[in-house]
Amino acid sequence: MNTIPTLYSERVILRPFTLEDAPAVQAILNDREITDYMLTIPYPCTLEWVEAWIQQVSGDAPTGRYTFGVIRRDDETIIGRINIRVNADHQRGEIGYWLGRAFWGQGYATEMARRVIQFGFDDLGLNRVVGQCFAQNERSARVLEKAGMRYEATFRDDYLKNGVYETTHFYGALRGEWDRA
Ligand SMILES: CC(C)(COP(=O)(O)OP(=O)(O)OC[C@H]1O[C@@H](n2cnc3c(N)ncnc32)[C@H](O)[C@@H]1OP(=O)(O)O)[C@@H](O)C(=O)NCCC(=O)NCCS
């Protein structure tokens, strides 16, 4: 699939970002409670960085990376982002996500993760979808579990973030066993 599609679920729409989204995205991302858990987002996070990032991810589908803006259906507010990065050789995808802090704790992350996992299995023909989080990120671990993944492994000191080694927890789902409920 060479373009990023629009996906629908009960309370959110997942669609490609446009440059018009940049100010809302920057307002969300300029928050250490988010950037501390993400590998590549700087803090402070500037409008220029967000605009360059949107331009980059908008053209990424041919490389197997699909990045979606997450829009709340009720009021068309941008609440977050989710992506899936595909390794076609192995029919495997990895998801990553963030939500604006004002939108945490309402099940949105679980809903968007489930929708993207379904996209991976049904539309991209994947066999396996994985997700990983820093060990202290219990919220994200819970999202991965609620989205139907199983804990698989711990990788000690796997990443270096802000001068600190971060241990990560790894979760995965296989197409044949993923619970669509
Ligand atoms: C991780 C994140 C997307 C979760 O979003 P969310 O909308 O709050 O997630 P949900 O509401 O779907 O689920 C959160 C779950 O974590 C639980 N939770 C919340 N705070 C928690 C905490 N401090 N410790 C453990 N669990 C916690 C909630 O109770 C909920 O589980 P439940 O439904 O069983 O009660 C959001 O916190 C975020 O964007 N964080 C910063 C960026 C980030 O960490 N991205 C992921 C990188 S791997």
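Since the structure is predicted, the reported quantities are computational estimates derived from the model, not experimental observations.

Describe unusual backbone geometry, and please don't skip the residues or the numbers.
Going from Tyr-43 to Pro-44, the amide bond is cis rather than trans, its omega being -5°. Take Pro-44: it is sitting in the loop between helix H2 (32-35) and helix H3 (47-58). With a phi close to 60°, Glu-76 is a non-glycine residue in the positive phi region. Position of Glu-76 among the secondary structure elements: in the loop between strand E3 (65-72) and strand E4 (78-87). A count of 8 C-beta atoms within 10 Å places Glu-76 in the exposed class. In this structure, Gln-91 is a non-glycine residue whose phi angle is positive, near 50°. Inspection of the secondary structure assignment puts Gln-91 in the loop between E4 and strand E5 (92-99).

Go over the nonpolar core with me, naming the residues and quoting the values.
Membership of the largest hydrophobic core comes to 43 residues, with the highest contact counts inside it found for Ile-82, Ile-95, Met-112, Ala-113, Val-116 and Ile-117. For this core, the element with the most residues is helix H4 (residues 108-122), which contributes eight residues.

Now, about the pairing of E3: what can you tell me, with residues and values included?
Taken together, the four bridges between strand E2 (residues 12-15) and E3 define a ladder with antiparallel strand orientation. Paired with Ile-13 across the bridge in E3 is Ile-71. Here E3 runs beside E4; their pairing, made up of seven bridges, is antiparallel. Bridge pairing in E4 links Ile-71 to Ile-78.

Conventions used here
Residues numbered from 1 in each chain as written. Predicted model: local features only at pLDDT ≥ 70, side-chain atom pairs only at ≥ 80, totals over all residues. Helix = DSSP H or I, 4+ residues; strand = E, 2+ residues; numbered from the N terminus. Buried ≥ 20, exposed ≤ 12 C-beta atoms within 10 Å, placed from the backbone. Core = buried A, V, L, I, M, F, W, Y, C linked by C-beta atoms within 7 Å. Pairing = 2+ DSSP bridges.

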